[in-house]
Amino acid sequence: PMAPPVCLVVVGLLAGFASGAPDNMNGEYILSKTPGSSGTESKFPKKFRDYPGGAEAFDVYSPPITTLYSQVFWTALDPVRLPEDVIKRYVNQTIAVIGFEMDQVRRTASGDVSVPITVAYNHHFESQMVGEGYQFEKIFFEGEDDPRLRELESSMGHHLPSHEWHWAVRAEDESVASSSVPGAQAFGGANGGEYRKSYHGYAPGYAQIIRSPREMQITPMQIDTWHREKMNISYPTSFVAGPLPRNSLAPEGAEYSGLLECPVTTRLRKEIEGGYSVLMRGTCENLIHSAQECFAAGPQEIDLSSEGANHTFKTQQLASPSMPRGCLASTDPNNSSIILLTFNQPSSDPGSNCGLNSGGLRGVSSDLVSLAVGVDVQGGVEITLTGPAEVWFGVGLNATMMKDLPWTIIVDGYGNVTERRLADHKPGTLLQPSFVTKSVSVQGGLRTVVLTRPNATDPSQPGHALFQQGGLIPYINAIGGSKDFAYHTAHGSNMLPLFPATDGSEACICAEQPAPFGSAKGQLVYHNTKRPQDKGQGSVGFPNKCQPKPRSDLLSMRNPTCDIRFYEGGQTSCHHMWSLLDADQEIPWADQPLTYHLKFRFWVQPYKENYHTNVLRTTWGIASPVEYDVPKCDADVDGCTRAKDGTWVHTITGTFAGQGSLTAAHFHCHAPTCLSMALYLCPEGTREGDDTCNQSNSQLLCEERPVYGGTGQIDLPKMDEPGFILQPPCLWGDEQFGLSAPPNTTNRILHAVKTANATIGHHGEMAWMQMYYHA
């Protein structure tokens, strides 16, 4: 039988601490050397058991985590109790947590088996423990303005997995909240893909203190990257990429999965406040003024505003006075799935009107039913519908729901075609046919029907205005469970881009009171494909906010992560049970779920008031504020330089106010792009907002360079995975342990520098400093 989700590992007795206690769970750890320190490697205790006074440990397991390939697991798990003997031992007493270790394991009859990071990638985790005077409370938020939501969001650099509910820590009364001995603690730092072999401890004498510890709650974010056919589920294994979405930036043969970077896929659509519109006549009141915005706005308005991308976009830039100005769209006359986006540089010349002289219109879209429409220059219309052969299917034009009472074409399971005016969730009224059936064919289980009408301009015929005007046409579609028209078994909505297919007659994409770069508001909405293995649902508001220099470089660099209109991937597009494959890609290996647990080993000592100093946690980010895109560098890209070995390096910086005397620094960044991150103390007198502080005139406090797996520097083979990292933290403490003294950053300004390998581009890199300090 499965063991309970917690257990106690006694490493030594509290009185005496017997020798021969077990080693660290994850082997030895590497530290970064801070300026002014001496002999850190030889003087600092390499094992928790070697801390002055000894230590004991207990293990805590998360509730099970279960995923299929490509799925994200990010949710607040139910709290678990600590081992009962630990609870009893420390009733009315206080423990000092001197550090902890972590792994991800399958719990088997023969013991724990580690799950490789190439099988299940830890994007990040958050955890919290409660003791005397505190308890966990599952709270349900009352909208985006709920102050409890705002408070929790501001306290978590990785944000919350849900804006509907969360497990929160609540003080039972005001007296415990003001106590000098904490009854609750949050544990993190080095909390991403680096988490297993990065050191989560403090210098002797420093600890996270908690009185009468009782329960723990864990919020993991994991991504399933396990290729079930070509990789082992445990060590030893070598990484082999499974299916990837089109927006993945991982090159062929990469040592990591492109899923790790959470690319925006066609399962997501962007809903932007204000946004853009398509104009088929006249001129835009608000032009799009850059090719970059045009080429982002086109797919967003045409495809990402619908449920699934259906088109290939080609782009070109011109400066033609004979064409409309700004951002233009047209359909390839030979392939309606290809949309040509043209950015015609605005000038003083007024240009021509949108859609001028357009005679031929073409468009295709695909959802539950595939729809193609063509209007020729003589005004004839041809509609092609493709759906399942054995049941009825239908399309209702110029509608987003049945209550719009759309004109609808129904194809039954025998191939007969009828036209109807639908009612609100009722079959509506049968109409006289306005189209002639040109052909009906069945192939590969799909029925294709081609319909024609000789005159698109006849006002007595339904849909005539759509076929004359064109543009982005909303439609609903459905499929049934029988051959005869009846209640649908699946339904959806989409957009048909019916655009000019002749040069000089392009549609215009206009900005609707566009927000400045970095200020657009909107959300990402997940499109569930209706397949049984797809469990994703919901939407998430865009939380990224880039600050102007000198707080961060990203806004001036126009980094895509600053603006939802240009956002291409990262944590915001990774939410619970969302699949990171495109909508037309089935989740493979649906019969092979992966189940495992996060495992914590806490190393503790009895708290001694005259010895232990409680440490506090804060975080500083110089991106948005946490994540950003690393661009594929060349000589013209801001922040890019070329190293002697030919590698492109991208650099960002930021300045901000410090807090307290530092005891530990964990600089959180991601493989495979992270190169270094450094923290500097600005000259005295520097004020927040000054742009004079830089690495040349400041004091280096800490520089961390990740250690990559497969380089011969990691001692534990099962965690020495090529392409993945550990991050050696900076610690401050007593010189007897080879450390420099804690630097006091109160009322001081700090400066940070982050470098990344930018030979290829990367979504969702991080520049996040997870800091521990004492007042």
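Remember, it's a predicted structure, so these values are computed and weren't measured experimentally.

### So, the overall build of the protein chain
Turning to step 1, where the next piece is worked out: Helices and strands together make up the secondary structure of the protein chain, namely 7 helices and 48 strands.
Turning to step 2, where the next piece is worked out: A globule of 775 residues ought to have a C-alpha radius of gyration of about 28 Å, and the protein chain, at 30 Å, matches this closely.
Turning to step 3, where the next piece is worked out: If you line up the protein chain on its principal axes, its C-alpha atoms span 95 × 65 × 50 Å.
Turning to step 4, where the next piece is worked out: Relative to its full complement of 775 residues, the protein chain shows a buried share of 58%.
Turning to step 5, where the next piece is worked out: Sequence-distant contacts in the protein chain: of pairs separated by 6 or more residues, those separated by 24 or more amount to 77%.
Turning to step 6, where the next piece is worked out: Total accessible area on the protein chain is roughly 31200 Å²; 49% of this is exposed by carbon and sulfur atoms.
Turning to step 7, where the next piece is worked out: Computed over 57 positive and 81 negative side-chain charges, the inter-centroid distance for the protein chain is 2 Å.

### A look at the confidence of the model for the protein chain
Turning to step 1, where the next piece is worked out: When pLDDT is averaged along the protein chain, the result is 91; 95% of the residues meet or exceed 70.
Turning to step 2, where the next piece is worked out: Counting contacts from residues 1-20, a segment whose pLDDT is below 50, to residues more than four positions away or on other chains yields 51 contacts.

### Brief notes about the sheet that holds strand E38 (residues 640-642)
Turning to step 1, where the next piece is worked out: With respect to topology, 5 strands assemble into an open sheet ordered E38-E39-E46-E41-E42, the strand pairing being antiparallel. Every interior strand has two partners, whereas the edge strands, E38 and strand E42 (699-704), have only one. The sheet shows a mean angle of 25° between the axes of neighbouring strands, direction not considered.
Turning to step 2, where the next piece is worked out: For E38 and strand E39 (residues 648-657), the ladder comprises 3 bridges, and the chain directions are antiparallel. Bridge pairing in E39 links Arg 642 to Trp 648.

### Some words on the side chain of Ser 661
Turning to step 1, where the next piece is worked out: As for its placement among the helices and strands, Ser 661 is situated in strand E40 (residues 661-668).
Turning to step 2, where the next piece is worked out: Apart from residues no more than four positions distant in its own chain, Ser 661 is found in contact with Pro 742, Pro 743, Asn 744, Tyr 772, Tyr 773 and His 774.

### Here we look at the pattern of salt bridges
Turning to step 1, where the next piece is worked out: Applying the stated criterion to the full structure yields 25 salt bridges.
Turning to step 2, where the next piece is worked out: Two residues, Arg 565 and Asp 563, come together in a salt bridge whose shortest N-O distance is 2.6 Å. In this structure, Arg 565 and Asp 563 share a single accessibility class: buried.
Turning to step 3, where the next piece is worked out: Three or more residues are tied together by salt bridges with common partners; here these are Asp 59, Arg 107, Asp 112, Lys 599 and Arg 601.

### Description of the nonpolar core
Turning to step 1, where the next piece is worked out: Ranked by internal contacts, the top residues of the largest apolar core, which has 52 residues, are Met 216, Phe 600 and Phe 602.
Turning to step 2, where the next piece is worked out: Put simply, the parts of the chain that give this core at least two residues each are strand E2 (56-61), strand E4 (72-74), helix H2 (84-89), strand E6 (94-108), strand E8 (120-130), strand E14 (215-224) and strand E34 (594-606).
Turning to step 3, where the next piece is worked out: Looking at which element gives the most residues to this core, the answer is E34, with 6 residues.
Turning to step 4, where the next piece is worked out: Apart from residues no more than four positions distant in its own chain, Met 216 is found in contact with Val 60, Pro 79, Val 80, Leu 82, Ser 127, Gln 128, Met 129, Phe 136, Phe 600 and Phe 602.
Turning to step 5, where the next piece is worked out: One finds Val 375, Phe 393, Leu 472 and Met 495 within the second-largest nonpolar core, a separate group that totals 44 residues.

### Some thoughts on the packing of aromatic side chains
For any pair of aromatic rings, the description rests on two quantities: the centre-to-centre distance and the angle between the ring planes.
Turning to step 1, where the next piece is worked out: In this structure the tally under the stated criterion is 25 aromatic pairs.
Turning to step 2, where the next piece is worked out: Centroid distance Phe 48 to Tyr 51: 5.8 Å. Interplanar angle 25°. Geometry classified as stacked. Grouping residues by exposure puts Phe 48 and Tyr 51 together as buried.
Turning to step 3, where the next piece is worked out: Ring-pair connections join several aromatic residues into one group, and the members of that group are Phe 58, Phe 100, Phe 125, Phe 187, Tyr 195, Phe 600 and Phe 602.
Turning to step 4, where the next piece is worked out: Residue placement shows Lys 138 over the ring face of Trp 165; its charged tip is 4.4 Å from the ring centre.
Turning to step 5, where the next piece is worked out: Residue placement shows Arg 558 over the ring face of Phe 566; its charged tip is 6.0 Å from the ring centre.

### Side note on the state of the cysteines
Turning to step 1, where the next piece is worked out: Under the defined criterion, the tally for this structure stands at 9 disulfides.
Turning to step 2, where the next piece is worked out: For Cys 669, the disulfide goes to Cys 674, at an S-S distance of 2.0 Å. Residues Cys 669 and Cys 674 are joined by a disulfide whose S-S torsion is about -70°; by sign, that bridge is left-handed. By the burial criterion, Cys 669 is buried, and Cys 674 matches it.

### As for the environment of Thr 94
Turning to step 1, where the next piece is worked out: As for its position among the elements, Thr 94 is in strand E6.
Turning to step 2, where the next piece is worked out: Taking relative accessible area as the criterion, Thr 94 reaches 9% and is therefore assigned buried.
Turning to step 3, where the next piece is worked out: Each C-alpha atom of the pair Thr 94 and Lys 608 lies 8.6 Å from the other, and the pair is 514 residues apart in sequence.

### Describing the side chain of Ser 257
Turning to step 1, where the next piece is worked out: Positionally, Ser 257 belongs in the loop between E14 and strand E15 (268-272).
Turning to step 2, where the next piece is worked out: Classification of Ser 257 as buried rests on a relative accessible area of 3%.
Turning to step 3, where the next piece is worked out: A polar side-chain atom of Ser 257 sits 3.1 Å from the main-chain amide nitrogen of Leu 259.

### So, the sheet that holds strand E27 (residues 436-443)
Turning to step 1, where the next piece is worked out: Read from one edge of the open sheet, 11 strands run E26-E25-E24-E23-E29-E30-E20-E21-E22-E28-E27, paired in antiparallel fashion. Looking along the sheet, the strands with just one partner apiece sit at the ends: strand E26 (426-431) and E27. The average undirected angle you get between the axes of adjacent strands in this sheet is 25°.
Turning to step 2, where the next piece is worked out: Pairing geometry for strand E20 (residues 361-366) and strand E30 (residues 488-500), over 2 bridges, is antiparallel. Among the inter-strand pairings, Leu 361 is bridged to a residue of E30, identified as Pro 500.

### As for empty space enclosed by the protein
Turning to step 1, where the next piece is worked out: Under the counting rule described, the total for this entry stands at 4 cavities of 30 Å³ or more.
Turning to step 2, where the next piece is worked out: Around the largest cavity sit 10 residues that line it, and His 159, Asn 544, Gln 571, Val 626 and Glu 627 are the ones nearest its centre.
Turning to step 3, where the next piece is worked out: Across the lining of the largest cavity, the residue classes tally to 2 nonpolar, 7 polar and 1 charged.

Reading guide: rules and limits
- Residues numbered from 1 in each chain as written.
- Predicted model: local features only at pLDDT ≥ 70, side-chain atom pairs only at ≥ 80, totals over all residues.
- Heavy atoms only, no water.
- Helix = DSSP H or I, 4+ residues; strand = E, 2+ residues; numbered from the N terminus.
- Rg over C-alpha atoms; globule rule 2.2 N^0.38 Å.
- Buried < 20%, exposed > 50% of the residue type's maximum accessible area, 1.4 Å probe, protein only.
- Contact = heavy atoms within 4.5 Å.
- Areas by Shrake-Rupley, 256 points an atom, 1.4 Å probe, with all protein chains shown as cover.
- Lys, Arg positive; Asp, Glu negative; His and termini not counted.
- Charge placed at Lys NZ, Arg CZ, Asp CG, Glu CD.
- pLDDT = per-residue confidence, 0-100.
- Pairing = 2+ DSSP bridges.
- Axes fitted to C-alpha atoms, helices over the stretch in contact; angles between N-to-C directions.
- Salt bridge = Lys/Arg side-chain N within 4 Å of Asp/Glu carboxyl O.
- Core = buried A, V, L, I, M, F, W, Y, C linked by side-chain atoms within 4.5 Å.
- Phe/Tyr/Trp six-rings, centres within 6.5 Å; stacked < 30°, edge-to-face > 60°.
- Lys NZ or Arg CZ within 6 Å of the ring centre and 35° of its normal.
- Disulfide = S-S within 2.5 Å.
- Polar contact = N/O pair within 3.5 Å; in protein donor to acceptor, adjacent residues only side chain to side chain.
- 1 Å grid on protein atoms, 1.4 Å probe; cavity = no way out; pocket = protein on both sides within 12 Å on 5 of 7 lines; lining within 4 Å.
- Points joined across faces, edges and corners; volume = space filled by probe spheres on them.
- Nonpolar A, V, L, I, M, F, W, Y, C, P; charged D, E, K, R; others polar.

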